[in-house]
Amino acid sequence: MTQTAQRDEQVADEDRGAGLRERRLAAHRSARRVFARFGFHRTLRERLAVLAEAEGVHDLDQLSDLYGNGVVEALETKVAGLLGTEAAAFFPTGTMAQQVALRCWAGRTGNPAVALHGLSHPEVHERNAFSEVGGLRPLRMTSEPRLPTAAEVRDFEEPFGALMLELPLRDAGFVLPSWEELTDVVRAARDRDAVVHFDGARLWESTVHFGRPLEEIASLADSVYVSFYKSLEAFGGAALAGPRELVEEAKAWRHRYGGMVFQQFPTVLSALVGLDRELGRLPEYVRQARVVAAALREGFAAAGVPWARVHPEVPHTHDFQVWLPYEPDVLGEAAVRTAEETGVMLFGNAWDRGGPGLALTEVHVRAAGTEWTAEDVKAAVAEFVTRLREQVR
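Residues numbered from 1 in each chain as written. Predicted model: local features only at pLDDT ≥ 70, side-chain atom pairs only at ≥ 80, totals over all residues. Heavy atoms only, no water.

Now for the sheet that holds strand 9 (residues 319–324). Hydrogen bonds between backbone atoms are what pair the strands of a sheet, whose relative direction is either parallel or antiparallel. Pairing is antiparallel in the open sheet, where four strands are placed in the order 8-9-11-10. Two strands lie at the open edges of the sheet, namely strand 8 (309–311) and strand 10 (352–355), each paired on one side alone. The mean angle between the axes of side-by-side strands here comes to 35°, regardless of whether they run parallel or antiparallel. For strand 10 and strand 11 (residues 358–364), the ladder comprises three bridges, and the chain directions are antiparallel. (Pairing = 2+ DSSP bridges. Helix = DSSP H or I, 4+ residues; strand = E, 2+ residues; numbered from the N terminus. Axes fitted to C-alpha atoms, helices over the stretch in contact; angles between N-to-C directions.)

Glancing now at the nonpolar core. In this structure, Leu-83, Phe-160, Phe-198, Trp-204 and Phe-228 are the most contacted members of the largest nonpolar core, which totals 59 residues. Sequence-distant contacts of Trp-204, that is, excluding residues within four places in its chain, are made with Leu-82, Leu-83, Leu-214, Val-226, Ser-227, Phe-228, Leu-232, Leu-275, Leu-279 and Leu-282. (Core = buried A, V, L, I, M, F, W, Y, C linked by side-chain atoms within 4.5 Å. Buried < 20%, exposed > 50% of the residue type's maximum accessible area, 1.4 Å probe, protein only. Contact = heavy atoms within 4.5 Å.)

This brings us to empty space enclosed by the protein. Scanning the model with the defined rule gives three cavities of 30 Å³ or more in all. The computed volume of the largest cavity comes to approximately 120 Å³. If you tally residues by element for the lining of the largest cavity, the top one is strand 11, at three residues. For the lining of the largest cavity, the class distribution of residues is eight nonpolar, five polar and one charged. (1 Å grid on protein atoms, 1.4 Å probe; cavity = no way out; pocket = protein on both sides within 12 Å on 5 of 7 lines; lining within 4 Å. Points joined across faces, edges and corners; volume = space filled by probe spheres on them. Nonpolar A, V, L, I, M, F, W, Y, C, P; charged D, E, K, R; others polar.)

What the rule picks out here adds up to 11 aromatic pairs. Between Trp-179 and Phe-210, the ring centres sit 5.7 Å apart and the planes meet at 70°, which makes this aromatic pair edge-to-face. Separated by 31 residues along the polypeptide, Trp-179 in helix 8 (residues 179–191) and Phe-210 in helix 9 (residues 207–210) bring together distant segments of the chain. Of the two residues, Trp-179 and Phe-210, both sit in the buried class. Linked through ring pairs, Phe-300, Phe-347, Trp-351 and Phe-384 together constitute an aromatic cluster. Positioned above the aromatic ring of Trp-372 is the side chain of Arg-33, whose terminal nitrogen or guanidinium carbon lies 5.6 Å from the ring centre. Against the face of Phe-91 rests Arg-254, its NZ or CZ located 5.8 Å from the ring centre. (Phe/Tyr/Trp six-rings, centres within 6.5 Å; stacked < 30°, edge-to-face > 60°. Lys NZ or Arg CZ within 6 Å of the ring centre and 35° of its normal.)

Below, the discussion takes up the pattern of salt bridges. This model, assessed by the stated rule, comprises 29 salt bridges. Across the pair Glu-158 and Arg-137 runs a salt bridge, and its minimum N-O distance is 3.0 Å. Here Glu-158 is found in the loop between helix 7 (150–155) and strand 4 (162–166), whereas its partner Arg-137 is found in strand 3 (residues 137–140), with 21 residues between them in sequence. For Glu-375, the salt bridge goes to Lys-378, with nearest N and O atoms at 3.4 Å. Note that Glu-375 and Lys-378 are positioned in helix 15 (residues 374–392) at a spacing of three residues, about one turn of the helix. (Salt bridge = Lys/Arg side-chain N within 4 Å of Asp/Glu carboxyl O.)

Structure (structure tokens):
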């Protein structure tokens, strides 16, 4: 095939992918039944309506924020209280928050090496920001689809100043260790005189799996980052929580990184609304995700689909993966067609290649997902499989 033909084929593939994305979003918006409705599924008008709920979470007669005061400080105080830390700092993004946190720890420990998982967010999704921007040196402890073990931390051949643990580990299937495994890993890092930082973008929903309150989980780490939009449906934003001295230093670096934004009240108010509206419901979503996961397994088994997998079999949070032995484009088309023709969106996310003839997608269960029964899920699986088989004839 000539280079021109290859380029033409690539463009055609991208056009088909873009068309499927547009259809998927349109089908999701019009579907009468979905597992989750996120902010990016809504119009600007619908998103702005969230702020109408802010009356009950903050005094709206106060002056708006300027460069991190006012309502921003109120959110920081609330997060520190929830996580049981001395202080917290609001950041525009989690990427910035974690770079700053680990840069601060490197200065304190004298070691710029950060031990982390090969599937962690900075390694997969941040274009080598740790090393390119922060001067840090990532060390991959493992790339297995699980958190590092205490033995791997204890026996790692290079010294490191900080251990970063992503809880849950999203790209491995939103997996968490057991409480005992987590405490052993933290102890192993301490034995090596390393600090421990939690990438807790989705830490809010880990309480069910660990059987511990947020503050007890956070107390294991020297610092913790949390996100406001991934589970709490805020417009964006993140927080870094930890000792007051570290947080004050982080605020100085926040300014240097361009994170001292003139006004942030819309995002901050949406975060306060999310904490008020969603935080208390997350355990319910986790329990429902386990009902959904079991029904998906049973539905695919009843439909005779070979090698259908839900991972983890019992979800650790309200998010999990589904693996099926088909090409991603085939699964994507079947999922969209099912939603378009039945009004039921079983798989609202894109499918990614997991190997030859194998693909995976993520399933997220939120408030809309609590309306499903196990029988609803199984019926939706049967509809999906019917269209899937039509695709592969």
